Amino acid sequence: MGVTPYVGGVWLEHHGSFRIRPELLLGGDLGVGTSGVPEPLAAATGDDSDASTLSWASMRIRYEPILHIGRNLTVHLGIDALDNLVLGSTHEATSDPVAIDLTNDAAASPSAGRNGWRDALRVRSLYGRWFAFDFFDLRVGRMPDPFGIGVSRNDGECPDCDYGTIVDAMRVGFELSGFRVEGSWEFTAVGATTAQLTDVGDQGQDKDLGQSDDVQGFTITIGRRPVTDAQLEERRVALDEKREWVFDWSVFSSFTDQQLSSLEPIADTSVSCSPSQVLANGQPVTRYECMQLYRRGAFFWRPGLWFHLERHPTFDESLRLDIELQGLVGNVTHPQRLEEADSQEAKDFLGFGGAVELEYQSDAWHLGFDGGFATGDDGDYVGVLDGQNIVEPDDDAYAQNDNVRDNRKVTSFFFNRDYRVDLILFRQVLGTITNTVYFKPWIARDLLRMDGGTLTARLDVLYAMAAVPEGTPGDGRSWGVEVDGRLGLKLDMGLETTLAAGVLIPLDALDNADTGKSPDPAFTVQILGTMKF
């Protein structure tokens, strides 16, 4: 972190990180087609039937400055450059197809729609904050939105994170009788805007074409946790001087609804209504008279609960317990665009998930236990990387899709994809934590402590079983056992490097039920290098 000199009541505070991440994944497809990881291209085409390894390296720089305007006003900016860019994936293009790979060694900056899916530079967040009277907190803009330990809403700020919950919102927070109260109005999706119209001139400022197709959300959080500088200092004194137990908690509720939808491909296939392009989020760019609204009738309630317990018995001892529970309750009356009503079209949603983290540290030793659960569904797909059991994209084929039509109650719950507990199973094969009950004890030890740095080794052993065996590829009870090891070097100057290796032993839930074949083990090696400032 750096701070520019104070000039006229305005100064800049610098935060950021640089990440480089080479990865190797051996047998990630599990050999039977039940993994979200594709098999190597050469194996799929038959050019090398023995190919089983995927390897790549990615990088990112994240810059998050804070502009202070006087004592109470701040502007927060988050910028990602070359986010998760696979090195070598955006080579300089030429008219000679051979020169692209063999004789041209220049790299080009990625540009969405030209030589990549993302631009080289992206604004991740931008919001203004007014903190007044030492208790009133107003934030407006596009901002990270974490809750608890990140089971559902995760800020994506960990060194190995790739996603993050970013919301467009107006948020108010304040202290009331010792409780922290926060409420927000979230602009989840406003639907059609003039930016999607080809027959409307330059509007200067684009306009939302009505509120009837908006997806709006409202949240409220009530609890006790330190937020202000004074509260954080009081917490430090309680832990490190008085050696007391500290207890934090929060209750969260989110309400989301949408009555009509314009976020759909255009049903009119005439030449005049053919989209000139389709945006990355699936919205068509076309003429105003071709825009259509479809019935949706959706409502979701997402409750959450978080507890945090901590104590530092001595100078080199600490004990921490975190528990987070989340739920998803709702319904969608019209998930499809059907010309005739279908009594089986409506979907009810009822899913739950939770996680516990227990950690004890004594001098050089660290012991911990992570556990959790997420409800599952009994449809054909797990629901993350392999497909989904909720909507048939082709409305004409809906009547023949029994998997979607018969799935009247959706009971899957999905963790935020930045909540990481392993290297292979949930992260690569399934895509996230879902349809599972998992247990993971772990142990770590500081092998070397020196001036300015620490060398640490860690071992994790994960066992995951299926909450709903019928919702797994193999109709089995157990996903698998994974053993992960890490060796990390952390320097006080802000440099941290971790070498991680893991092996997944998949079990009957990852069998191929159609062929009867059992999956093969998978192995990974990853290096994570970060520099923070």
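See the structure printed just above.
Let us look at the structure shown here. (Residues numbered from 1 in each chain as written. Predicted model: local features only at pLDDT ≥ 70, side-chain atom pairs only at ≥ 80, totals over all residues. Heavy atoms only, no water.)

Attention now goes to the pairing of strand E17 (residues 347–362). One ladder, built from 16 bridges, connects strand E16 (residues 317–332) with E17; its direction is antiparallel. Note that in E17 the partner of valine 329 across the bridge is leucine 350. Sheet analysis places E17 next to strand E19 (residues 409–410), joined by two bridges and oriented parallel. Pairing of phenylalanine 349 across the sheet is with valine 410, part of E19. With 10 bridges connecting them, E17 and strand E18 (residues 365–374) associate as antiparallel partners. The partner of glutamate 357 across the bridge, within E18, is aspartate 370. (Pairing = 2+ DSSP bridges. Helix = DSSP H or I, 4+ residues; strand = E, 2+ residues; numbered from the N terminus.)

What tends to happen in soluble globular proteins is that the nonpolar side chains get buried as a cluster. Within the largest apolar cluster, 36 residues are counted, with the highest numbers of intra-cluster contacts made by Phe415, Tyr419, Leu425, Phe426, Tyr438 and Trp479. Elements supplying a minimum of two residues to this core: strand E15 (294–311), E16, E17, helix H5 (425–430), strand E21 (453–465) and strand E23 (495–506). Counting residues per element, this core draws most heavily on H5, which supplies four residues. In contact with tyrosine 419, not counting residues within four places along its chain, are Ile149, Gly150, Val151, Asn154, Ala355, Glu357, Ile433 and Tyr438. (Core = buried A, V, L, I, M, F, W, Y, C linked by side-chain atoms within 4.5 Å. Buried < 20%, exposed > 50% of the residue type's maximum accessible area, 1.4 Å probe, protein only. Contact = heavy atoms within 4.5 Å.)

What follows deals with the pattern of salt bridges. According to the stated counting rule, one finds 39 salt bridges in the structure shown. Among the ionic pairs, arginine 21 bridges to aspartate 160, the shortest N-O distance being 2.8 Å. Taken together, the residues arginine 21 in strand E3 (residues 16–26) and aspartate 160 in the loop between strand E8 (136–144) and strand E9 (166–176) connect sequence positions 139 residues apart. By relative accessible area, aspartate 160 is classed as buried at 17%. For aspartate 460, the salt bridge identified is with lysine 440, shortest N-O distance 3.1 Å. Here lysine 440 lies in strand E20 (residues 436–450) and aspartate 460 lies in strand E21, a separation of 20 residues in the sequence. One exposure class covers both aspartate 460 and lysine 440, and it is buried. Taken together, the shared-partner salt bridges in this structure form one network comprising Arg19, Arg21, Glu23, Asp160, Asp162, Asp418, Arg420 and Arg427. (Salt bridge = Lys/Arg side-chain N within 4 Å of Asp/Glu carboxyl O.)

What follows covers the state of the cysteines. Per the counting criterion, the structure on display carries one disulfide. The disulfide partner of cysteine 158 is cysteine 161, and the S-S distance across this bridge is 1.9 Å. Looking along the S-S bond of the cysteine 158-cysteine 161 disulfide, the torsion reads about 110°, which is the right-handed sense. A residue is classified by how much of its surface remains accessible, and cysteine 158, at 28% relative accessible area, is partly exposed. (Disulfide = S-S within 2.5 Å.)

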